[in-house]
Amino acid sequence: MSKFNFPFIKETNELSNLRKEVREFITTCINNNEFTPSPDAWVFSADPSFSKKLGSKGWLGMSFPKEYGGHQRTALERYVVTEELLSLGAPVAAHWIADRQSGSQILRYGNEKQKSSIIPRITAGECFFAIGMSEPDSGSDLASVKTKATKTKNGWKLEGRKIWSTGAHLAHYMIVLARTSPASEKNRHEGLSQFLVDLSLPNVKITGIPDMTGQRHFNETLFDNVELSDDSLLGEEGKGWKQVVGELALERSGPERFLSHFTLLDSFINEFRNSLIHSGTKIVGKLISEIQTLRRMSFSVASMLQSGESPETQAAFVKELGNKFEKMMIETLREFSNIVPLHEWPNQLQNLFEDATLRIPSNSLRGGTTEIMKGIIARQLGLR
Ligand SMILES: Cc1cc2nc3c(=O)[nH]c(=O)nc-3n(C[C@H](O)[C@H](O)[C@H](O)COP(=O)(O)OP(=O)(O)OC[C@H]3O[C@@H](n4cnc5c(N)ncnc54)[C@H](O)[C@@H]3O)c2cc1C
């Protein structure tokens, strides 16, 4: 067990008070019809004006340094805020990636100009990011990316195609993983670099891809010989693999990996409160106990990030178990429809259920597949 340390962290009074403050703020927004809570809101529900509002409350870039407009609060405080936003279905998609991973990546590897020009805008809720990792022929095997950046006299020339770029149509920047020199025979992770690419540059073409619900949230992003300035390089040339692995720990460990459809569970419990007392206590009890375990694990990863660790394996656990939980939730609710048939559920709840049934299968693809998460865990166990 020592290989998988998940320190036990208790929520302090300060954190509980912050939670209360955020919950009150979001509830007021809902009561004022500023938004309708929605499932998977961190991917599908973007409202730049809401992002700006969160920025002005000090709830974006919470752990970033004050000199770049941040608030120097702890990763645990940020965790509490994100949990409240997700569980109440707030429209956070516009800023989600910037606040979750791109800002931290720039603070960790960026130069002074990159930090001072971008971080304050992320913190204000005015600058959004997309993730440029996957390509048409490179997903799980990320080291095989073919997007290429070639050194020119004044900077770099970027050529290639990224796919499934969530929110790229709304984003100002994408952090692109590209090959800057051939992989060596011994180490295919060598020769990769990360670039901070302004998506408004000429020869960047973003085309939406509808998912199977018909909604458009991800895209294909084409870089057709895009000219990048010298200081578009993020971090060190050739060290992109190490950098991207650290970024994935930020991407995989958060509460969005198990709270994406919490609005469904919440509405379900509220609707069937009385029938559940007679026949469904066990059903709901199992789901709630799973959520509590996942919360503890994810909160604990936040504390490890806070202390400067890179908990990639723990993040893989949270992602894999979180995905499994969301699938189990759908199956559990489907079983309940043997007690109260689906057509007798209120329309809004039926819609949430049908929507989740279509979307949840993709959760174990985005951010890395089940097999890849299990592979990371197996490696840590010394099994491969
Ligand atoms: C909703 C959504 C949003 C996304 N957003 C983004 C984004 O913003 N930016 C971005 O860059 N990408 C994004 N992705 C892409 C996502 O990261 C990839 O889909 C994922 O990494 C899998 O890659 P792939 O689709 O190419 O599948 P593949 O890698 O081709 O995998 C196909 C199947 O083979 C299995 N497999 C592959 N390799 C192995 C192995 N070594 N051992 C065992 N099994 C294996 C996989 O588990 C999977 O079941 C998104 C995907 C989705 C669904």
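1. A word on the packing of aromatic side chains
Under the defined criterion, the tally for this structure stands at 15 aromatic pairs. Relative to Tyr 173, the ring of Phe 129 has its centre 5.4 Å away and its plane inclined at 20°; by these criteria the two rings are stacked. With Phe 129 in strand 1 (residues 129-132) and Tyr 173 in strand 4 (residues 173-179), this residue pair connects regions lying 44 residues apart in the sequence. Judged by its relative accessible area of 2%, Phe 129 is buried.

2. Topic: the site of the ligand
Contacts to the ligand come from 18 residues, most closely from Ser 134, Ser 140, Trp 164, Thr 369 and Glu 371. Thr 166 is positioned such that a nitrogen or oxygen atom in its side chain is 2.8 Å from a nitrogen atom of the ligand. In isolation the ligand has 970 Å² of accessible area, and contact with the protein removes 64% of it. When contributions to the shell around the ligand are tallied by element, the ones reaching two or more residues are strand 7 (216-229) and helix 13 (370-380). Residues of the shell around the ligand, tallied by class, amount to seven nonpolar, nine polar and two charged. Residues lining the shell around the ligand come from more than one domain, with at least three contributed by each of domain 2 (131-239) and domain 3 (253-380).

3. Looking at the domain arrangement of the protein chain
Many analyses report the size of an interface as the accessible area lost when the parts associate. Here the domain parsing of the protein chain yields domain 1 (13-127), domain 2 (131-239) and domain 3 (253-380). Counting residues at the interface gives 22 residues for domain 1 and 21 residues for domain 3. Contact with domain 3 buries surface across domain 1, with Pro 39, Asp 40 and Tyr 79 losing the most and accounting together for 32% of the total. The interface formed by domain 1 and domain 3 includes three salt bridges. Note that Glu 83 is salt-bridged to Arg 295, the shortest N-O span being 2.8 Å. Inspection of the region where domain 1 meets domain 3 yields seven residue pairs in polar contact (both at pLDDT 80 or more). Contributing elements (two or more residues each) for the side of domain 1 that touches domain 3: helix 1 (13-31), helix 2 (41-44), helix 4 (75-87) and helix 5 (93-109). Considered class by class, the residues forming the side of domain 1 that touches domain 3 number 12 nonpolar, five polar and five charged.

4. Comments concerning the layout of surface pockets
As a volume, the second largest pocket reaches approximately 690 Å³. Only helix 4, helix 5, helix 7 (240-252) and helix 10 (273-306) provide two or more residues apiece to the lining of the second largest pocket. Here the element with the most residues in the lining of the second largest pocket is helix 5; it accounts for seven residues. Here the lining of the second largest pocket gathers at least three residues from each of two domains, domain 1 (13-127) and domain 3 (253-380).

5. Observations concerning the pattern of salt bridges
Considering all chains together, one arrives at 19 salt bridges under this definition. Here Asp 40 ties to Arg 366 by a salt bridge, and the two come within 3.0 Å at their closest N and O atoms. Placement of Asp 40 in the loop between helix 1 and helix 2 and of Arg 366 in the loop between helix 12 (347-359) and helix 13 is noted, with a sequence separation of 326 residues between them. A residue is classified by how much of its surface remains accessible, and Asp 40, at 0% relative accessible area, is buried. Across the salt bridge formed by Arg 100 and Glu 256, the nearest N and O atoms sit 2.7 Å from each other. Taken together, the positions of Arg 100 in helix 5 and Glu 256 in helix 8 (residues 256-259) put the pair 156 residues apart, joining distant regions of the chain. Of the two residues examined, Arg 100 and Glu 256, each falls in the buried class.

6. A word on the pairing of strand 3 (residues 155-163)
Taken together, the four bridges between strand 2 (residues 148-151) and strand 3 define a ladder with antiparallel strand orientation. Of the residues in strand 3, the one forming a bridge with Lys 151 is Trp 156. Taking the residues between adjacent antiparallel strands as the criterion, strand 2 and strand 3 are bridged by three residues. Examined bridge by bridge, strand 3 and strand 7 share eight bridges and lie antiparallel to one another. Of the residues in strand 7, the one forming a bridge with Ile 163 is Glu 220.

The rules behind each value
Residues numbered from 1 in each chain as written. Predicted model: local features only at pLDDT ≥ 70, side-chain atom pairs only at ≥ 80, totals over all residues. Heavy atoms only, no water. Phe/Tyr/Trp six-rings, centres within 6.5 Å; stacked < 30°, edge-to-face > 60°. Helix = DSSP H or I, 4+ residues; strand = E, 2+ residues; numbered from the N terminus. Buried < 20%, exposed > 50% of the residue type's maximum accessible area, 1.4 Å probe, protein only. Near = heavy atom within 4 Å. Polar contact = N/O pair within 3.5 Å; in protein donor to acceptor, adjacent residues only side chain to side chain. Areas by Shrake-Rupley, 256 points an atom, 1.4 Å probe, with all protein chains shown as cover. Nonpolar A, V, L, I, M, F, W, Y, C, P; charged D, E, K, R; others polar. Domains from an automatic or database assignment. Contact = heavy atoms within 4.5 Å. Buried area = accessible area lost by both parts, 1.4 Å probe. Salt bridge = Lys/Arg side-chain N within 4 Å of Asp/Glu carboxyl O. 1 Å grid on protein atoms, 1.4 Å probe; cavity = no way out; pocket = protein on both sides within 12 Å on 5 of 7 lines; lining within 4 Å. Points joined across faces, edges and corners; volume = space filled by probe spheres on them. Pairing = 2+ DSSP bridges.

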